[in-house]
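Examining the three-dimensional arrangement
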Amino acid sequence: MTLLFFLLFVMIFGKMIGFAFRATWGLFKILLYIVFLPLILVGMVFGGLLYLAFPILIVVGIISLISGLAD
């Protein structure tokens, strides 16, 4: 009986931990794309790295257009 309880306990909380990791990854992606990427690009422009920030902006823009068309 204890073995059955432990097995079910691990199955239930294992699924909950997996869900927590998926939710955390989703929140991290949102923060990365909405907050950190623009801040990094603006910082690169102010730091004199426009020649590097502009191609990154173009690549991210093309990827977002392609992924937006796929939805």
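Further up the page is the structure itself.
Residues numbered from 1 in each chain as written. Predicted model: local features only at pLDDT ≥ 70, side-chain atom pairs only at ≥ 80, totals over all residues. Heavy atoms only, no water.

Examining the overall build of the protein
As a reminder, the rule being used: In this text, helices come from DSSP runs of H or I with a minimum length of four residues, and strands from runs of E with a minimum of two, each type numbered from the N-terminal end. Note on exposure labels: buried denotes an accessible area under 20% of the residue type's maximum, exposed denotes more than 50%, and partly exposed covers the range between, all computed with a 1.4 Å probe on protein chains only. Here the Shrake-Rupley method, with its probe set to 1.4 Å, supplies the accessible areas, and only the displayed protein chains count as covering residues.
Tallying secondary structure elements over the protein gives two helices and zero strands in all. Counting only C-alpha atoms and orienting by the principal axes, one finds that the protein spans roughly 65 × 30 × 15 Å. Looking at the 71 residues of the protein, the share that counts as buried comes to 4%. By element, 85% of the accessible surface of the protein is carried by carbon and sulfur atoms, the whole surface being about 6,400 Å².

Section: the packing of aromatic side chains
Defined as follows: Pairs were defined over the aromatic rings of Phe, Tyr and Trp, the Trp ring being its six-membered one, requiring ring centres within 6.5 Å. Orientation was assigned from the angle between planes: stacked under 30 degrees, edge-to-face over 60, tilted for the rest.
With the rule as written, the count across this model stands at three aromatic pairs. Ring plane angle 55° and centroid distance 4.6 Å describe the contact between F9 and F13, whose orientation is recorded as tilted. Residue F9 and its partner F13 are both found in helix α1 (residues 2–46); the two are separated by four residues, about one turn of the helix. Overall, the relative accessible area of 38% leaves F13 in the partly exposed class. By the ring-pair criterion, three or more aromatic residues cluster together here, those being F5, F9 and F13.

Some words on the environment of V45
For clarity, the cut-off: Only heavy atoms matter for contacts: two residues are in contact if any of them lie within 4.5 Å across the pair.
With respect to the helices and strands, V45 occurs in helix α1. When the C-alpha atoms of V45 and P55 are compared, they prove to be 12 Å apart, with ten residues separating the residues in sequence. Among all residues touching V45, those that are not within four sequence positions of it are L50 and A53.

Observations regarding a nonpolar patch on the surface
Formally: Two joining distances apply to patches: 9 Å for like charges and 5 Å for nonpolar side chains (Val, Leu, Ile, Met, Phe, Trp, Tyr), and every residue must have over 30% relative accessible area and no salt bridge. In what follows, salt bridge is the name for a side-chain nitrogen of Lys or Arg lying within 4 Å of a carboxyl oxygen of Asp or Glu.
A surface patch of nonpolar side chains, about 1,200 Å² in accessible area, is lined by W25, L27, F28, I30, L31, L32, Y33, I34, V35, F36, L39 and I40. One can find L31 in helix α1. With a relative accessible area of 42%, L31 lands in the partly exposed category.

As for α1
Keep this limit in mind: In this scheme, a helix's expected span is set at 1.5 Å multiplied by one less than its residue total. Here the bend at a residue is taken as the angle between two axes, fitted respectively to the seven residues that end there and the seven that start there.
Counted at 1.5 Å a residue, the expected span for α1 with its 45 residues is 66 Å, and the 62 Å between its end C-alpha atoms agrees. The sharpest bend along α1 comes to roughly 40°, located at L32. With its phi angle positive at about 90°, G48 sits one or two positions after the end of α1.

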